Amino acid sequence: MIGAPPGTWLSSAGLGKLAYICRMSNTMKQRVWFRDLGRMEYKAAWDYQEELLKENLAVKALRYTNGTTPVTISQPDVVLSTTTQSFPQRETPNPKPEAIISPDTKNYLLFVEHPPVYTLGKSGNEQNVLIGDEERVQKGISFYRTNRGGDITFHGPEQVVGYPILDLEKFSTDIGIYLRNLEEVIILTMSEYGLKGERSAGETGVWIDATIPGRERKICAMGIRCSRWITMHGFAFNVNTDLRYFDYIIPCGIQNKQVTSLQKELGYKLDMEEVKEKIKKNFEIVFGAELQQESRI
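Residues numbered from 1 in each chain as written. Predicted model: local features only at pLDDT ≥ 70, side-chain atom pairs only at ≥ 80, totals over all residues. Heavy atoms only, no water.

Enquirer: Residues and numbers for the side chain of Gln-159, please.
Expert: Tracing the chain through its elements places Gln-159 in strand S9 (residues 159-165). The exposure class assigned to Gln-159 is buried, which follows from its relative accessible area of 1%. For Gln-159, the contacting residues outside a window of four places in its chain are Val-112, Glu-113, Phe-154, Ala-236, Phe-237, Asn-238, Val-239, Thr-241, Phe-246 and Met-272. (Helix = DSSP H or I, 4+ residues; strand = E, 2+ residues; numbered from the N terminus. Buried < 20%, exposed > 50% of the residue type's maximum accessible area, 1.4 Å probe, protein only. Contact = heavy atoms within 4.5 Å.)

Next comes the structure, spelled out in structure tokens:
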């Protein structure tokens, strides 16, 4: 896997799946700043993501407007639904390599745990929230309508939420590949616990028994926003998550399918820090990245 050339299809942990591993070269690794935000309210983490995204957009605007290698970036704001795998493609010719590899934008991988919160995607349906506002507040659950793709999901304690803020022009300007790589990070992590993570046709995220009717169980939800090839939002991986919170919603707007967690599948409580380290390691492998630790903000 380490010596694989760009655009190589590789076996996913010997589990019979094929995963696209995106590499710019065999030797070049992209630096990604890692920050574990600990426990943080959803809105504060969302605002922080927006701040990092805007900083990168400002760098790009300056570079492409006044730089020595100007290039037109045609990709508009994109939000990806968790129930679609139809992705926008770049319509303009690819810019020169020196224009793609900007040393000025910064890539980040943020980890966070949120207090109980339901978040609804930009095109989501509020009818997928099955309890009223008063009951929700009594249960201590916040609610936000967001600018990501997808429908309704839950974030809460003992769930690893990952927010990659990446400049895809340094990786691959193909959002389909980006999402498949995010899924692969989780699939590889699950394989280290003896679990077979799978993709479900037409449904972004990671599942168990995805092709067995009545047994499908989603373990990791995904929804992103991408603006000028800068990503935000990301994935929510259920580790020791209290799954009862999912009883009050139709998760991701998908009827008649279950939600699960590592704890439920394995029968014991996991060490959150151990799981995080495995995700970080597999992120580096899949994205050809080098994580550099930064202290909490």
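Enquirer: Go over the pairing of strand S11 (residues 203-208), please, and point to the residues and values.
Expert: Counting buried residues in S11 gives six out of six residues, a clear majority hidden from the surface. Of the two faces of S11, the one carrying Glu-203, Gly-205 and Trp-207 and the one carrying Thr-204, Val-206 and Ile-208 are both buried. Counting the residues in the hairpin turn of strand S10 (residues 198-200) and S11 gives two residues, including Gly-202, whose phi is positive at 80°. The sheet contact formed by S11 and strand S12 (residues 217-227) spans three bridges and is antiparallel. When the bridges of S12 are listed, Trp-207 appears paired with Lys-218. (Pairing = 2+ DSSP bridges.)

Enquirer: Talk me through the pattern of salt bridges; I want residue IDs and the actual numbers.
Expert: For the structure on display, the rule yields 22 salt bridges. Two residues, Lys-281 and Glu-192, come together in a salt bridge whose shortest N-O distance is 2.8 Å. A residue pair is termed long-range when its members are at least 10 positions apart, and Lys-281 in helix H6 (residues 272-287) and Glu-192 in the loop between helix H4 (175-191) and S10 qualify at 89 residues. When its relative accessible area of 32% is taken as the criterion, Glu-192 is described as partly exposed. For Asp-242, the salt bridge is made with Arg-244, and the minimal N-O distance between the two is 2.8 Å. (Salt bridge = Lys/Arg side-chain N within 4 Å of Asp/Glu carboxyl O.)

Enquirer: Summarise the nonpolar core; cite the residues concerned and give the values.
Expert: Counting 40 residues, the largest nonpolar core has Phe-235, Phe-237 and Phe-287 as its most contacted members. Those elements that provide at least two residues to this core are strand S3 (30-39), strand S5 (107-113), H4, S11, S12, strand S13 (230-238), H6 and strand S15 (289-294). Counting residues per element, this core draws most heavily on H4, which supplies nine residues. Non-local contacts of Phe-237, meaning those with residues more than four positions away in its chain, are made with Gln-159, Val-160, Ile-186, Thr-189, Met-190, Ile-219, Cys-220, Leu-262, Val-275 and Ile-279. (Core = buried A, V, L, I, M, F, W, Y, C linked by side-chain atoms within 4.5 Å.)

Enquirer: Summarise the pairing of S9; cite the residues concerned and give the values.
Expert: Judged by how many residues are buried, S9 sits mostly within the fold: seven of seven residues are covered. Burial along S9 is two-sided: Gln-159, Val-161, Tyr-163 and Ile-165 and Val-160, Gly-162 and Pro-164, pointing in opposite directions, are all buried.

Enquirer: Explain the environment of Leu-262 to me, and be specific about the residues and the numbers.
Expert: Mapped onto the fold, Leu-262 is located in helix H5 (residues 262-266). The class of Leu-262 is buried, set by a relative accessible area of 0%. Residues Leu-262 and Val-275, 13 residues apart in the sequence, show an inter-C-alpha distance of 9.8 Å. Once residues within four sequence positions are removed from consideration, Leu-262 is found in contact with Met-190, Leu-195, Ile-219, Phe-237, Asn-238, Val-239, Gly-267, Leu-270 and Val-275.

Enquirer: I'd like a rundown of H4, residues and numbers included.
Expert: With 17 residues, H4 extends 24 Å between its outermost C-alpha atoms, agreeing within 8% with the 24 Å of an ideal straight helix rising 1.5 Å per residue. Within H4, 16 of the 17 residues are buried, leaving the element largely enclosed by the surrounding structure. (Expected span 1.5 Å × (residues − 1).)

Enquirer: Could you give an account of the packing of aromatic side chains, naming the residues involved and the relevant values?
Expert: The description of an aromatic ring pair uses the distance of the two centres, along with the angle that the planes make with each other. Evaluation of the coordinates by the stated rule reveals nine aromatic pairs. Their ring planes at 65° and their centres at 6.0 Å tell us that Tyr-178 and Phe-287 sit as a pair that is edge-to-face. Taken together, the positions of Tyr-178 in helix H4 and Phe-287 in helix H6 put the pair 109 residues apart, joining distant regions of the chain. One exposure class covers both Tyr-178 and Phe-287, and it is buried. Here the aromatic cluster, defined as three or more aromatic residues joined through ring pairs, consists of Tyr-118, Phe-154, Tyr-245 and Phe-246. Residue placement shows Lys-43 over the ring face of Trp-46; its charged tip is 5.9 Å from the ring centre. Its end group placed over the ring of Tyr-193, Lys-278 keeps NZ or CZ at 5.5 Å from the ring centre. (Phe/Tyr/Trp six-rings, centres within 6.5 Å; stacked < 30°, edge-to-face > 60°. Lys NZ or Arg CZ within 6 Å of the ring centre and 35° of its normal.)

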